Amino acid sequence: MFIVRYSEIGLKGSRARDRMEQVLMRNIKRGLGELGASAEVKRGFGRIYIMGNPDSKVVADVLSRTMGVKSFSDAVTFKFQGLQEIVNISIELWSTFLKGKSFAVRARRTGTHSFKSTDIMRSVGDALYKYSESVDLSSPDVELSIEVRENTAYFYTDSIPGPGGLPLGSEGKLVALVSGGIDSPVAAWYVMKRGCPTDIIFVSLAPPIDTVDFLRAAGKLLKAEGAVEFQRGQICFPDLEKELLDASQEDPPAGLLKQRPANPFAPVGRGNRQGPK
């Protein structure tokens, strides 16, 4: 199973948080479905869980490009009755894995227990020490993570970063004018990270030379999970730069060069002034 963590969603009030969690789960389910993976997506407090037996590479691919995901881990889960059971499971999982490696144990705990997170780290570390090269709390070869929630323990060794931000579709829709350069695709990416579905309009100032660069950048934007509803359009201004040069006999002012292509799409932007679905 996979544990999915988010960050900014947890700062929202209860209603907004519930809505954004639902959007994030919907995007994850859709991404998995598009790649033919069947899984159950559930949520707990501060976490989303992907359960079942989906292909781990498919799940990692989807989560790594899903806005709103801070990080995720492929975990093994067990029910337990007490601390010693957590220690025994840790030995079973990691004793062979630690041979010749330095390690550190990281633990988090939610719920009511007779032990603390520090007790987990100390007890598991003591039990695993003899199987390892050494303990290194600063820069270990491997970090062994245990997350305890009520009577369930999750064991994992990797925490893989996601894009972060807010789930795509949780905020209002925008229009982005994107050229074949780098600035405008990056700007579009960042507004998408704020949860905004974005219609991409390609502003071509040097067709067809800049078209290839645009398609490369747009391909990365469209891979963001939840971006399947994007509308793409193209408008060409091959004579704009020459027109401005002839008028000013100087380098075209950057503001005017950006304003002219934007003017025709102001009505589109105003039409997109709607809240999240």
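That block above? That's the structure.
Cut-off values and rules
Residues numbered from 1 in each chain as written. Predicted model: local features only at pLDDT ≥ 70, side-chain atom pairs only at ≥ 80, totals over all residues. Heavy atoms only, no water. Helix = DSSP H or I, 4+ residues; strand = E, 2+ residues; numbered from the N terminus. Buried < 20%, exposed > 50% of the residue type's maximum accessible area, 1.4 Å probe, protein only. Contact = heavy atoms within 4.5 Å. Areas by Shrake-Rupley, 256 points an atom, 1.4 Å probe, with all protein chains shown as cover. Pairing = 2+ DSSP bridges. Axes fitted to C-alpha atoms, helices over the stretch in contact; angles between N-to-C directions. Arc of directions from axis to C-beta. Polar contact = N/O pair within 3.5 Å; in protein donor to acceptor, adjacent residues only side chain to side chain. Expected span 1.5 Å × (residues − 1). Right-handed = clockwise from strand over helix to strand, strands pointing away. Salt bridge = Lys/Arg side-chain N within 4 Å of Asp/Glu carboxyl O.

(A) Representation of the overall build of the protein chain. The number of helices and strands found in the protein chain is 9 helices and 13 strands. Per-residue burial for the protein chain yields a buried fraction of 42% across its 277 residues. Taking the contacts inside the protein chain whose residues are at least 6 apart along the sequence as the reference set, 75% of them involve residues at least 24 apart. Carbon together with sulfur atoms contributes 52% to the accessible area of the protein chain, which is approximately 14,800 Å² in total.

(B) Structural view of the pairing of strand 9 (residues 152–156). In terms of burial, strand 9 is a largely internal element, 5 of the 5 residues being buried. Bridge count for strand 5 (residues 76–79) against strand 9 is 4 bridges, and the pairing is antiparallel. Directly across from F78, in strand 9, lies its bridge partner A153. With 5 bridges connecting them, strand 8 (residues 142–149) and strand 9 associate as antiparallel partners. By the bridge assignment, S145 is partnered in strand 9 with Y156. The turn joining strand 8 and strand 9, which pair antiparallel and follow one another in sequence, is formed by 2 residues; a positive phi near 55 degrees is taken by E150.

(C) Focus on the sheet that holds strand 9. Read across the open sheet, the 5 strands follow the order 5-9-8-6-7; overall the sheet is mixed. Each having just a single partner strand, strand 5 and strand 7 (134–135) make up the two edges of the open sheet. Looking at chain direction, strand 6 (residues 102–110) and strand 7 are connected through 2 bridges and run parallel. Across the sheet, F103 pairs through a bridge with V135, a residue of strand 7. Against the sheet, helix 4 (residues 117–128) touches strand 6 and strand 8, its axis set at about 150 degrees to strand 6.

(D) Quick look at helix 2 (residues 56–63). Taken residue by residue, helix 2 has V58, V59, V62 and L63 as its buried positions. End-on view of helix 2: buried residues confined to an arc of 125 degrees, all on one side of the axis. As for helix 2, its buried residues are in contact with strand 1 (2–5), helix 1 (14–34), strand 3 (47–51) and strand 4 (71–74). Looking at where helix 2 begins, the residue whose side-chain oxygen comes 2.8 Å from the main-chain nitrogen of K57 is D55.

(E) Broad picture of helix 3 (residues 83–94). With 12 residues, helix 3 ought to run about 16 Å at 1.5 Å a step, and its terminal C-alpha atoms sit 17 Å apart, in line with that. All of the buried residues along helix 3 are I86, V87, I89, S90 and W94. Projected down its long axis, helix 3 carries its buried residues within an arc of 165 degrees, all on one side. Every exposed residue of helix 3 that faces more than 90 degrees away from the buried side is listed here: Q84 and E92.

(F) Summary view of the environment of L177. Positionally, L177 belongs in strand 11 (residues 174–178). Through-space distance from the C-alpha of L177 to that of D199 is 8.6 Å; in sequence the pair is 22 residues apart.

(G) Fine view of the pairing of strand 11. When strand 11 meets strand 12 (residues 198–204), the two strands line up parallel, connected through 5 bridges. The residue bridging V178 from the neighbouring strand is F202, located in strand 12. Handedness of the crossover joining strand 11 and strand 12 through helix 5 (residues 183–193) is recorded here as right-handed.

(H) Structural detail: the pattern of salt bridges. In the structure shown here, the tally under the stated rule is 10 salt bridges. The partner of R17 in a salt bridge is E21, and the shortest N-O contact between them spans 3.6 Å. Here R17 and its partner E21 are both found in helix 1, 4 residues apart, which amounts to about one turn of the helix. Under the relative-accessibility criterion, R17 is labelled buried at 15%. On the basis of relative accessibility, which here comes to 8%, the residue E21 falls in the buried class.

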